[in-house]
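# What the coordinates show
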Amino acid sequence: MDDDIEKMREHVRAALPGSGSHGFDHTARVVRLCEAIGAHEGADMAILIPAALFHDIARPLEEETGVPHEEAGAQMAETYLRSIHYPENRIPGIIHAIRAHRYRASTAPGTLEARVLSDADNLDAMGAVGIARTLLQAGERGGGIPDAVDHIRAKLLNLRARMYTETARGIAGERHAFLIAFLAALDYEMHP
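In this text, all values refer to a predicted model and were calculated from it rather than measured experimentally. (Residues numbered from 1 in each chain as written. Predicted model: local features only at pLDDT ≥ 70, side-chain atom pairs only at ≥ 80, totals over all residues. Heavy atoms only, no water.)

As a further point, take the overall build of the protein chain. In terms of helices and strands, the protein chain carries 10 helices and zero strands. For the protein chain, the sequential pattern of α-helices and β-strands runs α-α-α-α-α-α-α-α-α-α. Rg of the C-alpha trace for the protein chain: 17 Å, near the compact-globule value of 16 Å for 192 residues, within the 12% margin. By principal-axis analysis of the C-alpha atoms, the protein chain measures approximately 60 × 35 × 30 Å. The buried share among the 192 residues of the protein chain stands at 47%. A separation threshold of at least 6 residues defines the contact pool for the protein chain, and within that pool the share at least 24 residues apart is 64%. For the protein chain, the distance from the average position of its 20 positive side-chain charges to the average position of its 28 negative side-chain charges is 3 Å. (Helix = DSSP H or I, 4+ residues; strand = E, 2+ residues; numbered from the N terminus. Rg over C-alpha atoms; globule rule 2.2 N^0.38 Å. Buried < 20%, exposed > 50% of the residue type's maximum accessible area, 1.4 Å probe, protein only. Contact = heavy atoms within 4.5 Å. Lys, Arg positive; Asp, Glu negative; His and termini not counted. Charge placed at Lys NZ, Arg CZ, Asp CG, Glu CD.)

Right, dumping it as structure tokens:
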């Protein structure tokens, strides 16, 4: 399986920009969070890690065409996994986790692996990294600090309440507190 995972990693790395709000660096952090949370929660890593690797592979396609990246990514992952003869019994769980990972996905995470992936993806939107990604995303879209603050208030402050696993809830508490402290400091500095 390690050989397959490394092939997947390289395949996904080639499809995504190296950095940015949704670059391969984000995917790598989500994979690391999935490894930690999944091990603690007892997830099937043969499902979880491929799902984490592929969860945002279709982000560039979404930006070009508007097609939801969770749907296109699930299809891309399924095609790739079958091409390398990944165990067939694992593929449906991987596809489900990819489809259900997004904050505003129409599919709810119905398996432990899907819940862990959703938690890991949301955790990477919180804390210091989440703030950095939000500022990057605002800049990528031609926005500024007020746009980033609006995103933090509208979405990121809600993420703590959306955690599915006990492990992620513990991490989210710390990251949520950091978001609150950052907003207070920013408000103070911008409006002394």
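There is more to say, and it comes next.
Attention now moves to helix α9 (residues 145–154). Taken together, the buried positions of α9 are A148, V149 and I152. One face of α9 carries all of its buried residues, which in axial projection span an arc of 100 degrees. Looking at α9, the residues exposed on the side facing more than 90 degrees away from the buried face are P146 and A154. (Arc of directions from axis to C-beta.)

Next up on the list: the nonpolar core. M8, C34, L53, F54, L117 and L123 are the most contacted members of the largest nonpolar core, which has 51 residues in total. For this core, the elements supplying multiple residues, two or more each, are α1 (2–15), α2 (24–41), α3 (45–54), α5 (69–83), α6 (91–100), α7 (112–123), α9 and α10 (166–190). Here the element with the most residues in this core is α3; it accounts for eight residues. Here L53 is in contact with I5, M8, R9, V12, T27 and V31, once residues within four sequence places are set aside. (Core = buried A, V, L, I, M, F, W, Y, C linked by side-chain atoms within 4.5 Å.)

Packing of α2 against α7 leaves a shortest axis separation of 8 Å and a crossing angle of 135 degrees. Put simply, α2 runs oblique to α7. Where α2 crosses over α7, the handedness of that crossing is right-handed. Two secondary-structure elements touch here, α2 through H26, V30, L33, C34, I37, G38 and E41 and α7 through L112, V116, L117, A120, D121 and L123. Looking at the contact of α2 with α7 residue by residue, the class counts come to nine nonpolar, two polar and two charged. (Axes fitted to C-alpha atoms, helices over the stretch in contact; angles between N-to-C directions. Parallel < 35°, antiparallel > 145°, perpendicular 65-115°, else oblique. Left-handed = near helix turned anticlockwise from the far one by under 90°. Nonpolar A, V, L, I, M, F, W, Y, C, P; charged D, E, K, R; others polar.)

Our next topic: a nonpolar patch on the surface. A contiguous nonpolar patch, built from L61, V67 and M76 and spanning about 190 Å² of accessible area, is present on the exposed surface. Assignment of secondary structure puts V67 in the loop between α4 (59–65) and α5. (Patch = residues over 30% accessible without salt bridge, like charges linked within 9 Å, V, L, I, M, F, W, Y side chains within 5 Å. Areas by Shrake-Rupley, 256 points an atom, 1.4 Å probe, with all protein chains shown as cover. Salt bridge = Lys/Arg side-chain N within 4 Å of Asp/Glu carboxyl O.)

In this structure the tally under the stated criterion is one aromatic pair. Ring centres of F54 and Y80 lie 5.6 Å apart, and the angle between their planes is 40 degrees; this geometry places the pair in the tilted category. In this pair, F54 sits in helix α3 while Y80 sits in helix α5, placing the two residues 26 residues apart along the sequence. Like Y80, F54 is buried. Across the ring face of Y103, the terminal group of R162 is positioned such that the distance to the ring centre comes to 4.2 Å. (Phe/Tyr/Trp six-rings, centres within 6.5 Å; stacked < 30°, edge-to-face > 60°. Lys NZ or Arg CZ within 6 Å of the ring centre and 35° of its normal.)

For the rest of this paragraph, the subject is the pattern of salt bridges. Inspection of every chain in the model, using the stated rule, returns 14 salt bridges. A salt bridge links R59 to E62, with the shortest nitrogen-to-oxygen separation between them at 3.5 Å. Separated by three residues within a single helix, R59 and E62 lie in helix α4, roughly one turn from each other. Of the two residues examined, R59 and E62, each falls in the buried class. Note that D124 is salt-bridged to R133, the shortest N-O span being 3.4 Å. The pair D124 / R133 is uniform in exposure class, with both members buried.

Time to look at the side chain of T167. Examined against the element boundaries, T167 turns out to sit in helix α10. Residue class for T167 comes out buried when judged on its relative accessible area of 17%. Contacts of T167, omitting those with residues within four sequence positions, involve I37, H40 and E41.

These figures come from the coordinates and say nothing about function on their own.
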